[in-house]
Amino acid sequence: MGYSWNWDVLLQPSATGDGTYLGWMFYGFKMTIGLSLSAWLMALILGALVGVLRTVPNKALSGLAAAYVELFRNIPLLVQLFIWYFVLPELAPAALGDAFKQSNPIVQQFVSALLCLGFFTSARVAEQVRSGINSLPRGQKNAALAIGFTLAQAYRYVMLPMAFRLVVPPLTSEFLNIFKNSAVCSTIGLLELAAEGRQLVDYTAQPYESFIAVTLAYVLINVVVMFAMRRVEAQVRVPGYMGGH
Amino acid sequence: MITMNKVSKHYGAFQVLTDCTTHVAKGEVVVVCGPSGSGKSTLIKCVNGLEPFQSGEVTVNGISVGDPRTDLPKLRAHVGMVFQNFELFPHMTIVDNLTVAQVKVLGRDPAEAQDKGMALLDRVGLKVQALKYPGQLSGGQQQRVAIARALAMDPICMLFDEPTSALDPEMINEVLDVMSELAQEGMTMMCVTHEMGFAKRVASRVIFMDQGRIVEDDSKDAFFANPRSDRAQQFLAKILQH
């Protein structure tokens, strides 16, 4: 097809003189991982909290949690990103908005991307946690209350330990998704893995090598996450339950 | 010990309990029976407030269950309950099932709770299973553990909600034996069950329910010898056939 392959291009010094093109990619790789892991941490904490609230008897609390989920789950990720990055700094109190706009552009991009991915994913985590809690036998809650636990203790000692075990597999999917979703953040200029891939194409004119390298980097991340989550699954398996021995 | 006075409960338009009144004295064993859907389980769950009710009053040891000022967790901690499906906590070892509430609810020292748990496991013949998980035990064993778990809280009375209904026939007796032993020791018990043999041997009184009402509330001998209502006669005829 007349394409001249040149993998060595990755090791050549970059046009801007700051290391190699592979070095650019590595910068994006670190950004993707840093962003995704911090957003995942935020999503897990918020999502667990909101997921629990969706199942409590208090109608006001569960309604509020449901509204939270629908808000962050139903607005497209890209739109949410633009709202965090372009719109909210304008709507925020002047002092706060100005402080944001005068900060380092990388900080602006990273904070917007983190909030966007974190809230978006937390709504999805909340749904998984809720379904985990709802799939427990109803008698478990009764048994916990009957022995004298308060509702909070029933969640803490009886329902959540089992619910979280049940949702490890679906949470693995969400965990994988957050790395892939983070590519959207290139649209506000954040130099993560996908953005570096495009840069590489522009500077080297070797699109196949560039995108293959980036794709492999994503695959590497996913493989590591999958193995790690499988370890977690095995660690928390309950003997005599759900295929445990 | 347990008093129910005109307890009524409905889900929307559906009346589950109507004017249920009864009394369980200290040391009494009361068996609650009746066809399925008659409200037996709901009635027994009103005693520890697992099922709210709209009117009437339930008191346990003089404390009103329906009163919003009542500290329900505190009351429940001293009312043991055993469920049809055992409801052990699957992620905890057997001995942890027996100690967690002692420590977290009663504030007992963990070592003391452990000793008490092991002694109770020994009593129900399951000491060697202490470090296993509920999923590794048979149904009969799990139900004996569930009874031991309730006893670990030093209950003033025990509620049983069809404790043998989910068991294979050959495991029913091991559970009934533990319950009979408890009754002989003078434990106050309210027990929803279809095991009429157990009722005949152990019960002091039998309550028969139908369509959310207490139709009969009589001494064991009077109930079995001469049930007054047609409904109870039919029920006994059916259930005693085999």
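Residues numbered from 1 in each chain as written. Chains lettered and ligands numbered in written order. Predicted model: local features only at pLDDT ≥ 70, side-chain atom pairs only at ≥ 80, totals over all residues. Heavy atoms only, no water.

S.K.: What is the right way to read the sheet that holds strand β2 (residues 14–24) of chain B from this model?
M.R.: Residues and elements named next belong to chain B. Here 4 strands make up an open sheet; going across it, the order is β2-β1-β4-β5 and the pairing antiparallel. Each having just a single partner strand, β2 and β5 (63–64) make up the two edges of the open sheet. Where strand β1 (residues 2–11) lies against strand β4 (residues 55–60), 5 bridges are found, and the strand directions are antiparallel. Along β4, the bridge assignment pairs N5 with E57. Across the sheet, helix α1 (residues 40–47) lies against β1, β2 and β4, angled at about 120° from β1, the strand it touches most. (Pairing = 2+ DSSP bridges. Helix = DSSP H or I, 4+ residues; strand = E, 2+ residues; numbered from the N terminus. Contact = heavy atoms within 4.5 Å. Axes fitted to C-alpha atoms, helices over the stretch in contact; angles between N-to-C directions.)

S.K.: I keep staring at the nonpolar core and nothing clicks. Help me out?
M.R.: Soluble, globular proteins show a tendency: their nonpolar side chains are buried together. Counting 105 residues, the largest nonpolar core has F149 of chain A together with I2, M4 and M190 of chain B as the members making the most contacts within it. With residues up to four places along the chain from it excluded, the contact list for F149 of chain A reads A144, A154, Y157 and V158 of chain A together with P73, F89, V100, A101, K104 and V105 of chain B. In terms of nonpolar packing, the next biggest core, distinct from the first, is built from 49 residues, V31, C33, L88 and L182 of chain B among them. (Core = buried A, V, L, I, M, F, W, Y, C linked by side-chain atoms within 4.5 Å. Buried < 20%, exposed > 50% of the residue type's maximum accessible area, 1.4 Å probe, protein only.)

S.K.: Hey, could you run me through the interface of chain A and chain B in this one?
M.R.: Much of the literature gives interface size as the accessible area that the parts lose upon coming together. Contact residues are listed per partner, giving 23 residues for chain A and 24 residues for chain B. Of the roughly 1900 Å² buried between chain A and chain B, counting both surfaces, carbon and sulfur atoms make up 69%. Taken together, the connections running from chain A to chain B amount to 0 salt bridges. Seen at the junction of chain A and chain B, the total is 4 residue pairs in polar contact (both at pLDDT 80 or more). Mapped by element, the contributors of at least two residues to the side of chain A that touches chain B are α6 (138–146) and α7 (151–166) of chain A. At 7 residues, the largest contribution of residues to the side of chain A that touches chain B is made by α6 of chain A. Across the side of chain A that touches chain B, the residue classes tally to 14 nonpolar, 8 polar and 1 charged. (Buried area = accessible area lost by both parts, 1.4 Å probe. Salt bridge = Lys/Arg side-chain N within 4 Å of Asp/Glu carboxyl O. Polar contact = N/O pair within 3.5 Å; in protein donor to acceptor, adjacent residues only side chain to side chain. Nonpolar A, V, L, I, M, F, W, Y, C, P; charged D, E, K, R; others polar.)

S.K.: Where do I start with the pattern of salt bridges in this structure?
M.R.: A side chain of one charge can pair with a side chain of the opposite charge if their charged atoms are brought near each other. Applying the stated criterion to the full structure yields 17 salt bridges over all chains. In this structure, E70 of chain A and R73 of chain A form a salt bridge, with 3.2 Å as the shortest nitrogen-oxygen distance. Placement of the pair is E70 of chain A and R73 of chain A together in helix α2 (residues 59–74), with a separation of 3 residues, close to one helical turn. Among the residues examined, E70 of chain A registers a relative accessible area of 32% and is labelled partly exposed. When the shortest N-O distance is used, the salt bridge between R69 of chain B and D67 of chain B registers 3.2 Å.

S.K.: What exactly am I supposed to notice about the confidence of the model for chain B here?
M.R.: Do not read the fine detail of predicted coordinates wherever pLDDT is low. When the pLDDT values of chain B are averaged, the result is 94; 99% of them are 70 or greater. Predicted as a complex, the structure gets a pTM of 0.89 and an ipTM equal to 0.94. (pLDDT = per-residue confidence, 0-100.)

S.K.: Whenever I open this one, the packing of aromatic side chains confuses me. Can you help?
M.R.: Both the distance between ring centres and the angle between the ring planes are used here to describe each pair of aromatic rings. Residue and element names in this part refer to chain A. Per the stated rule, a full pass over the model turns up 20 aromatic pairs over all chains. Here the aromatic rings of F26 and F29 are separated by 6.2 Å at their centres, their planes lie at 20°, and the arrangement is stacked. Within this pair, F26 and its partner F29 are both found in helix α1 (residues 21–55), separated by 3 residues, close to a single helical turn. In this structure F26 comes out as partly exposed when scored by relative accessible area, which is 47%. Measuring from ring centre to ring centre gives 4.9 Å for F72 and F119, while their planes differ by 15°; the resulting arrangement is stacked. One end of the pair, F72, is in helix α2; the other, F119, is in helix α5 (residues 105–134), and 47 residues separate them in sequence. (Phe/Tyr/Trp six-rings, centres within 6.5 Å; stacked < 30°, edge-to-face > 60°.)

S.K.: Just to check I follow, could you spell out the packing of helix α9 (residues 193–204) of chain A against helix α10 (residues 207–236) of chain A for this structure?
M.R.: Helix-helix packing is described using two parameters, namely the angle between the two axes and the distance between the axes. Residues and elements named next belong to chain A. At a minimum axis separation of 8 Å, α9 and α10 run at an interaxial angle of 165°. One finds that α9 runs roughly antiparallel with respect to α10. Once α9 is placed against α10, the crossing between them reads as right-handed. In this structure, α9 contributes L193, A194, G197, R198, L200, V201 and T204 to the contact, and α10 contributes P207, S210, F211, V214, A217 and Y218. (Parallel < 35°, antiparallel > 145°, perpendicular 65-115°, else oblique. Left-handed = near helix turned anticlockwise from the far one by under 90°.)

S.K.: In this structure, what is going on with the packing of α1 of chain A against α2 of chain A? I would like to understand it.
M.R.: All names here are of chain A. It is the contact of α1 with α2, at a shortest axis distance of 7 Å, that shows an interaxial angle of 130°. Considered as vectors, α1 and α2 are oriented oblique to each other. The hand of the α1/α2 crossing is left-handed. On α2, the residues that touch L46, V50, L53 and R54 of α1 are L61, S62, A65, A66, Y68 and V69.

S.K.: It is not clear to me how unusual backbone geometry should be interpreted in this structure. Could you clarify?
M.R.: Glycine aside, residues mostly have negative phi, and peptide bonds are mostly found in the trans state. Residues and elements named next belong to chain B. Positive phi, normally seen in glycine, also occurs at K6, with a value near 50°. Relative to the helices and strands, K6 is located in strand β1. Phi is positive for N61, which is not a glycine, with a value near 55°. Within the secondary structure, N61 is located in the loop between β4 and β5.

S.K.: Looking at this structure, how should I read the sheet that holds strand β7 (residues 157–161) of chain B?
M.R.: The strands making up a sheet associate through backbone hydrogen bonding, with each pair oriented either parallel or antiparallel. All names here are of chain B. If you walk across this open sheet you meet the 6 strands as β6-β7-β8-β3-β9-β10, and the pairing is mixed. With one partner strand each, in any of the chains shown, β6 (79–82) and β10 (213–219) form the two edges of the open sheet. Neighbour-to-neighbour, the strand axes of the sheet open up by a mean angle of 15°, direction not taken into account. Contacts from helix α5 (residues 139–151) reach β6 and β7 within the one sheet, and its direction differs from that of β6 by about 170°.

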